[in-house]
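Read off the chains here:
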Amino acid sequence: MKVLFVGDVVRSAGIDILEKNIYKLKREHEIDFTIVNGENSAETNGIDRRSYERLIQLGADVVTGGNHSFQQRGCEELYEREETLLRPANYPEGVAGSGMYIADLFPVKIAVISLMGTVGLEPLDNPFFCIDKLIEQAGTPNIFVDFHAEATSEKKGMGHYLTGRVTALIGTHTHVQTADEAILGGHTAYLTDVGMCGPELSVLGIDSDIAVEKMKYHTPVTFKASSNPSFINAAVISFDEKLGKAYKIERVIMR
Ligand SMILES: [Fe+2]
Ligand SMILES: [Fe+2]
């Protein structure tokens, strides 16, 4: 089987390019299942009902999250209602929503886990202990983890920690695609960061003049997406669904 994993979708610019091209992408790569990181898909960042519904309508099977998951006021209700919308699993107990979804593609099951790193981000629960519990609960060898983290060291560490235990560990959050794809231990597809969907000439999708002003003066600015042409950053993971074993990972950059 093949899974398409799409990097952080930045605002409507990111949703628009995905909407226009995902059908072609899925057909070309014979995709069975699609995971999309949606933590930046709302027009003022975070995720809201409108952006979540657009992602589902264009063909996402599961939408994963990150440090911006709860940025939109009132979004807790969305997390409670939509089981295919995930927020990082290592939020403390009591936070709305869930960090794991198990898709039943009879007879195959695919578990998708959203997990967040803690180096340079919110001090959530330790992701290493959290993932141990979730792997036990998954009930399928087909496990795909979105590890939303800042530090390459933490991502590499998690990749090695999960070698042979999950089908794929794909990094998100930095919005910059790395070129270190690998099949770890002949089992686990790994990529430090899959990148983003949104304006290519920008600072992580944001208008570069505004981003530079913020970095230069440290005074408040209103971020808006760059109006430059967008690109799609994704990865295609081919795996043996009986063993939960990945045998190929291919990076995708579509302009
Ligand atoms: Fe992001
Ligand atoms: Fe993020």
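Before reading on, note that the structure itself is shown above.
Remember, predicted model here, so these are calculated numbers, not experimental data. (Residues numbered from 1 in each chain as written. Chains lettered and ligands numbered in written order. Predicted model: local features only at pLDDT ≥ 70, side-chain atom pairs only at ≥ 80, totals over all residues. Heavy atoms only, no water.)

## Let's talk about the overall build of the protein chain
For clarity, the threshold we go by: For helices the rule is a DSSP run of H or I covering at least 4 residues; for strands it is a run of E covering at least 2, with both sets numbered from the N terminus onward. Atoms counted for the radius of gyration: C-alpha only. Globule rule: 2.2 Å times the number of residues to the power 0.38. Should any heavy atoms of two residues lie within 4.5 Å, those residues are considered in contact. Surface exposure here means Shrake-Rupley accessible area, sampled with a 1.4 Å probe, where a residue is shielded only by the protein chains that are shown. For this count, His and the chain ends are skipped, Lys and Arg are scored as positive, and Asp and Glu as negative. The atoms used to mark charge sites are NZ of Lys, CZ of Arg, CG of Asp and CD of Glu.
A count of helical and extended segments in the protein chain gives six helices and 13 strands. Its C-alpha atoms give the protein chain a radius of gyration of 17 Å, near enough to 18 Å, the size a compact globule of 255 residues would have. With the principal axes as the frame, the protein chain shows a C-alpha extent of 50 × 40 × 35 Å. Here the contacts in the protein chain between residues at least 6 apart in sequence split such that 63% fall between residues at least 24 apart. Just so you have it, the protein chain exposes about 11400 Å², and 52% of that area is on carbon and sulfur atoms. Taken as two groups, the 25 positive and 35 negative side-chain charges of the protein chain have centres that lie 4 Å from each other.

## Notes on the coordination of the iron ion (ligand 1)
This is how it is decided: Here the coordinating atoms are restricted to nitrogen, oxygen and sulfur within 2.8 Å of the metal centre, or 3.2 Å for Na, K and Ca, and because water is not among them the sites may look incomplete. For a four-donor site, all angles between 85 and 135 degrees give tetrahedral; for four or six donors, opposite pairs above 155 degrees with the remaining angles between 65 and 115 give square planar or octahedral; all remaining cases count as irregular.
For the iron ion (ligand 1), the full set of protein donor atoms is Asp8 (OD), Glu39 (OE), Asn40 (OD1) and His175 (NE2), and the range of their distances to it is 2.1 to 2.2 Å. Coordination at the iron ion (ligand 1) is irregular: its four donor atoms span angles of 89 to 169 degrees at the metal. Each donor residue of the iron ion (ligand 1) lies on the same chain, and together they follow the pattern D-x30-E-N-x134-H. In this model, the iron ion (ligand 1) sits 3.4 Å from the iron ion (ligand 2), the two metals being bridged by Glu39.

## Quick word on the nonpolar core
Selection rule: The nonpolar core is taken to be a set of buried Ala, Val, Leu, Ile, Met, Phe, Trp, Tyr and Cys residues, with the residues joined through side-chain atoms within 4.5 Å. Only protein chains enter the area calculation, which uses a 1.4 Å probe; residues under 20% of their type maximum are buried, those over 50% are exposed, and those in between are partly exposed.
Within the largest apolar cluster, 27 residues are counted, with the highest numbers of intra-cluster contacts made by Leu4, Val6, Val9, Leu18, Leu55 and Ile232. The set of elements that each furnish at least two residues to this core consists of strand S1 (2-6), helix H1 (11-29), helix H2 (49-57), helix H3 (76-81), strand S12 (230-240) and strand S13 (245-254). In terms of residue count, H1 provides more of this core than any other element does, five residues in total. When near neighbours in sequence (up to four residues on either side) are disregarded, Val6 contacts Leu18, Ile35, Val36, Asn37, Val194, Cys197, Asn233 and Ala234. By size, the runner-up hydrophobic cluster in this structure holds 22 residues, among which are Val62, Val112, Ala246 and Ile249.

## Observations regarding the packing of helix H4 (residues 127-138) against helix H5 (residues 152-161)
What counts is decided by this rule: Between N-to-C directions, angles cover 0 to 180 degrees, with each direction set by a line fitted to C-alpha atoms, over the stretch in contact for helices. Any angle between 65 and 115 degrees counts as roughly perpendicular, while under 35 counts as roughly parallel, over 145 as roughly antiparallel, and the rest as oblique. Each helix crossing is assigned a hand: it is left-handed if the near helix lies turned anticlockwise from the far helix by less than a right angle, otherwise right-handed if that turn is clockwise. Each residue gets one of three labels, nonpolar for Ala, Val, Leu, Ile, Met, Phe, Trp, Tyr, Cys and Pro, charged for Asp, Glu, Lys and Arg, and polar for the others, Gly among them.
The interhelical angle for the contact between H4 and H5, taken along N-to-C directions, is 30 degrees, at an axis separation of 11 Å. If you check the angle between H4 and H5, you find them roughly parallel. As for the relative orientation of H4 and H5, their crossing is right-handed in sense. On H5, the residues touching Pro127, Phe128, Ile131 and Asp132 of H4 are Glu154, Gly157, Met158 and Tyr161. A breakdown of the residues in the contact of H4 with H5 according to their chemical character gives five nonpolar, one polar and two charged.

## Digging into the coordination of the iron ion (ligand 2)
Ligation of the iron ion (ligand 2) by protein atoms is provided by Glu39 (OE), Asn67 (OD1), His148 (NE2) and His173 (ND1), these donors lying 2.1 to 2.2 Å from the ion. Coordination at the iron ion (ligand 2) comes from four donor atoms whose angles at the metal span 88 to 150 degrees, giving a geometry best classed as irregular.

## Section: the pairing of strand S10 (residues 188-191)
For clarity, the cut-off: When DSSP finds two or more bridges between a pair of strands, those strands are recorded as paired.
Here S10 shows no split at all, with Thr188 and Tyr190 on one side and Ala189 and Leu191 on the other all buried. Note that strand S8 (residues 168-172) and S10 share three bridges and pair parallel. Each bridged residue has a counterpart across the sheet, and for Ala168 the counterpart in S10 is Ala189. Both strand S9 (residues 182-184) and S10 contribute to a ladder of three bridges, which runs antiparallel. Within S10, the position partnered with Ile183 by the bridge is Ala189. Taking the residues that link successive antiparallel strands as the turn, the S9-S10 hairpin has three residues, and the phi of Gly185 there is positive, at about 60 degrees.

## A short note on the packing of aromatic side chains
Heads up, the rule is: Any two rings among Phe, Tyr and Trp, with Trp reduced to its six-membered ring, count as a pair given centres within 6.5 Å; such a pair is stacked if its planes are under 30 degrees apart, edge-to-face if over 60, and tilted if neither. Distance and angle both matter: a charge sits over a ring if NZ of Lys or CZ of Arg is within 6 Å of the ring centre and within 35 degrees of the ring normal.
All chains considered together, the criterion is met by four aromatic pairs. In this arrangement the basic side chain of Arg165 is found over the ring face of Tyr161, its NZ or CZ atom lying 4.9 Å from the centre.

## Concerning unusual backbone geometry
In this structure, Pro107 follows Phe106 across a cis peptide bond, with omega equal to 5 degrees. Note that Pro107 resides in the loop between strand S5 (100-105) and strand S6 (108-116). Unusually for a residue other than glycine, His218 sits at a positive phi of about 60 degrees. Of note, His218 is situated in the loop between helix H6 (208-217) and S12.

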